[in-house]
Amino acid sequence: MPKTGRNDPCPCASGKKYKHCCLDKDRAADLSAAVRQRVALQESQALDVASNAVVDLVHDGRLDEAEQAARELLARYPEVHDGYDRLGMVHEARGQFREAAECYRKVIEFTRANPENYDPGLVDIFLELIVKLEASAAQAECALNDADRSG
Ligand SMILES: [Zn+2]
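Residues numbered from 1 in each chain as written. Predicted model: local features only at pLDDT ≥ 70, side-chain atom pairs only at ≥ 80, totals over all residues. Heavy atoms only, no water.

Regarding helix α3 (residues 82-94)
- Between its first and last C-alpha atoms α3 spans 19 Å; for 13 residues at 1.5 Å apiece the expected length is 18 Å, and the two agree.
- One or two residues past the end of α3 sits G95, with phi positive at roughly 80 degrees. (Helix = DSSP H or I, 4+ residues; strand = E, 2+ residues; numbered from the N terminus. Expected span 1.5 Å × (residues − 1).)

Details of a positive patch on the surface
- Judged by side-chain charge, K3, R6, K17, K19 and R27 come together as a positively charged surface patch.
- On the basis of relative accessible area, K19 is assigned to the partly exposed category, the value being 31%. (Patch = residues over 30% accessible without salt bridge, like charges linked within 9 Å, V, L, I, M, F, W, Y side chains within 5 Å. Areas by Shrake-Rupley, 256 points an atom, 1.4 Å probe, with all protein chains shown as cover. Salt bridge = Lys/Arg side-chain N within 4 Å of Asp/Glu carboxyl O. Lys, Arg positive; Asp, Glu negative; His and termini not counted. Charge placed at Lys NZ, Arg CZ, Asp CG, Glu CD. Buried < 20%, exposed > 50% of the residue type's maximum accessible area, 1.4 Å probe, protein only.)

Some words on the coordination of the zinc ion
- The zinc ion binds to the protein through C10 (SG), C12 (SG), C21 (SG) and C22 (SG), with metal-donor distances spanning 2.2 to 2.3 Å.
- The site at the zinc ion holds four donor atoms, and with the angles between them running 104 to 114 degrees, its shape is tetrahedral.
- The class of C12 is partly exposed, set by a relative accessible area of 42%.
- In this structure C21 comes out as partly exposed when scored by relative accessible area, which is 26%. (Donors = N, O, S within 2.8 Å, 3.2 Å for Na, K, Ca; no water. Tetrahedral: all angles 85-135°; square planar, octahedral: opposite > 155°, others 65-115°.)

A closer look at the nonpolar core
- With 29 residues, the main nonpolar core has V54, V58, A66, Y104 and F126 as its most contacted residues.
- Mapped by element, the contributors of at least two residues to this core are α1 (23-59), α2 (63-76), α3, α4 (97-113) and α5 (120-150).
- Looking at this core element by element, the count peaks at seven residues for α4. (Core = buried A, V, L, I, M, F, W, Y, C linked by side-chain atoms within 4.5 Å.)

A closer look at unusual backbone geometry
- Of note in this structure, A13 is not a glycine but carries a positive phi near 65 degrees.
- Tracing the sequence through the fold places A13 in the segment before α1.

Side note on the pattern of salt bridges
- Following the criterion strictly, the structure yields 10 salt bridges and no others.
- A salt bridge links R86 to D85; its shortest N-O distance comes to 3.5 Å. Take R86 and D85: they sit in the same class, and that class is buried.
- Here R105 makes a salt bridge to E134, at a shortest N to O gap of 2.4 Å. Linking R105 in helix α4 with E134 in helix α5, this pair joins segments that are 29 residues apart in sequence.
- Overall, E134 belongs to the partly exposed group, its relative accessible area being 24%.
- Through salt bridges with shared partners, a single ionic network connects R98, E102, R105, E134 and E141.

Some words on the packing of α1 against α3
- The N-to-C vectors of α1 and α3 enclose an angle of 5 degrees; their axes lie 10 Å apart at closest approach. Judged on the interaxial angle alone, α3 and α1 are roughly parallel. Contacts between α1 and α3 involve L47, S51, V54, V55 and V58 from the first element and D82, R86, M89, V90 and A93 from the second.
- Of the residues assigned to the contact of α1 with α3, the class counts are seven nonpolar, one polar and two charged. (Axes fitted to C-alpha atoms, helices over the stretch in contact; angles between N-to-C directions. Parallel < 35°, antiparallel > 145°, perpendicular 65-115°, else oblique. Contact = heavy atoms within 4.5 Å. Nonpolar A, V, L, I, M, F, W, Y, C, P; charged D, E, K, R; others polar.)

Some points on a nonpolar patch on the surface
- Residues L31, V35 and V39 make up a contiguous nonpolar surface patch of roughly 270 Å² in combined accessible area.
- With respect to the element layout, V35 can be found in helix α1.
- You can call V35 partly exposed: its relative accessible area is 47%.

Some thoughts on the side chain of D85
- Relative to the helices and strands, D85 resides in helix α3.
- Once residues lying within four places of it in the same chain are set aside, the contact partners of D85 are Y104, V107 and F126.

Here it is in structure tokens:
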């Protein structure tokens, strides 16, 4: 869109010069768009940092802190899948396979609800994870039953 000069006729067709009509309003709108963009960028950077922090906590074995951080992610960024992804990691690290699979199903729901935001390969990765987790859960339950029988 070509920029309107201050002394040009206002694009709103009022017949006034731009500087006496919509210039201030348009500037304010531009500014708030720029501010919104900046806030969105900061939010997404903050999300990445918070999301990575959960991964670090899981790797350090600080699972209670990791779970709390993952739940905070969920609460703060309910519109993205990261919280469920990270909460799934925490459950997985604890050997809570079914809970982890449940979280990853939520991730898949996110990717299906917003396909434009996600790489289609992501669904396959999570589906594969869920299959493995269900198998691990079944195995663990089986081992538990065997222990019950022998004990
Ligand atoms: Zn105007």
